[in-house]
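Chain and residue survey
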Amino acid sequence: MSTIAIVDYGMGNFHSVARALKYAAPDADIRICNQAADIDAADRVVFPGQGAMPDCMRTLNESGLRDAVLRAARDKPLLGVCVGEQMLFDLSEEGDTPCLSVFPGTVRRFAGPQFAAPVTGEGEGSAAPDAREHLKVPHMGWNQVRQTRSHPLWEGIPDRTHFYFVHSYYAAPADPALTVGESDYGLAFTCAVAAANIFAVQFHPEKSAEHGLRLYRNFVDWKP
């Protein structure tokens, strides 16, 4: 039986992830772990996260689990989810926060005129209302994911499947070869990365119905 550790450092939707994994893989031993030894002993590791990046990195460091996550990233199947994906990169623009540097790249905020509030001035000399649709940040809801290259965790999941997102920032890998999935929200952005024994996604598989559950099942079966 495969043992899967969900890293509990105090900043994540751990119980939702655990319920989804148990449903997708009832034969697996799913454990929410807040001790480094338990993460080290697991066969596979899920690294979720939610909230502000400075708080996530501070809490991870204070939990004593940072090194256990880094060890898992070196030698066992690891799935990063949402902020757990972002934390694998070098730096986040959210608070200029140094992250884990497993992957080279920066976590960026959605920015540009497409995200600005429309101008609605009144009176002589004021700017005319901007009729364009402006996009809200955070990005929330179902969005299509393009599979930019094949991977075992995409098995049985059609290209351009919709997954559920809640985020204001996205990972921008320095190495384009890391990207295995892209989505669009005012701009094209990386929403899934993979290399060797790591697969990580910006969206929430546990909130993404049958295809999210299939991704978790694929992770349990994955032999990198």
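Residues numbered from 1 in each chain as written. Predicted model: local features only at pLDDT ≥ 70, side-chain atom pairs only at ≥ 80, totals over all residues. Heavy atoms only, no water.

**Topic: the sheet that holds strand E7 (residues 105-109)**
- Overall, mixed pairing links the four strands, which are arranged E6-E5-E7-E10 in an open sheet. Pairing within the sheet leaves two strands with one partner each, and these edge strands are strand E6 (97-98) and strand E10 (169-173).
- Bridge count between strand E5 (residues 91-92) and E7: two bridges; the pairing is parallel. For Leu-91, the partnering residue across the bridge sits in E7 and is Thr-106. (Pairing = 2+ DSSP bridges. Helix = DSSP H or I, 4+ residues; strand = E, 2+ residues; numbered from the N terminus.)

**Things to note about the side chain of Thr-59**
- With respect to the helices and strands, the residue Thr-59 is situated in helix H3 (residues 53-63).
- The exposure class assigned to Thr-59 is buried, which follows from its relative accessible area of 15%.
- Within the local environment of Thr-59, its side chain forms a polar contact with the backbone oxygen of Asp-55, the two atoms lying 2.7 Å apart.
- Excluding residues that lie within four positions of it along the chain, Thr-59 makes contacts with Tyr-9, Gly-10 and Met-11. (Buried < 20%, exposed > 50% of the residue type's maximum accessible area, 1.4 Å probe, protein only. Polar contact = N/O pair within 3.5 Å; in protein donor to acceptor, adjacent residues only side chain to side chain. Contact = heavy atoms within 4.5 Å.)

**Focus: unusual backbone geometry**
- Here the amide bond leading from Val-137 into Pro-138 is cis, since omega sits at 10°, within 30 degrees of zero.
- Following the sequence through the fold, Pro-138 ends up in the loop between E7 and strand E8 (139-147).
- Positioned with a positive phi, Cys-82 is a non-glycine residue whose angle comes to about 60°.
- Positive phi values are uncommon outside glycine, yet Arg-160 reaches one of about 70°.
- Note on Arg-160: relative accessible area 42%, which makes it partly exposed.

**Some thoughts on the UniProt feature "active site" (unreviewed entry) in the chain**
- UniProt annotation of "active site" (unreviewed entry) refers to Cys-82, His-204 and Glu-206 when read in the numbering used here. Considering the C-alpha atoms alone, the annotated residues occupy 125 residues of sequence yet fold into one spot, their largest mutual distance being 10.9 Å.
- Its location among the elements puts Cys-82 in the loop between strand E4 (78-81) and helix H5 (83-86).
- In this structure Cys-82 touches Gly-49, Val-166, Val-201, Gln-202, Phe-203 and His-204, once residues within four positions along its chain are discounted.
- Topologically, His-204 is positioned in the loop between strand E13 (198-201) and helix H6 (209-221).
- For His-204, a relative accessible area of 3% translates into the label buried. (UniProt positions renumbered as here; feature names shortened; annotations may be inferred.)

**Concerning the pattern of salt bridges**
- Counted by the stated rule, this structure contains eight salt bridges.
- Across the pair Asp-184 and Arg-146 runs a salt bridge whose closest N-O atoms are separated by 2.3 Å. On the criterion of sequence distance, the pair formed by Asp-184 in strand E11 (residues 179-184) and Arg-146 in strand E8 is long-range, its members being 38 residues apart.
- With a relative accessible area of 39%, Asp-184 lands in the partly exposed category. (Salt bridge = Lys/Arg side-chain N within 4 Å of Asp/Glu carboxyl O.)

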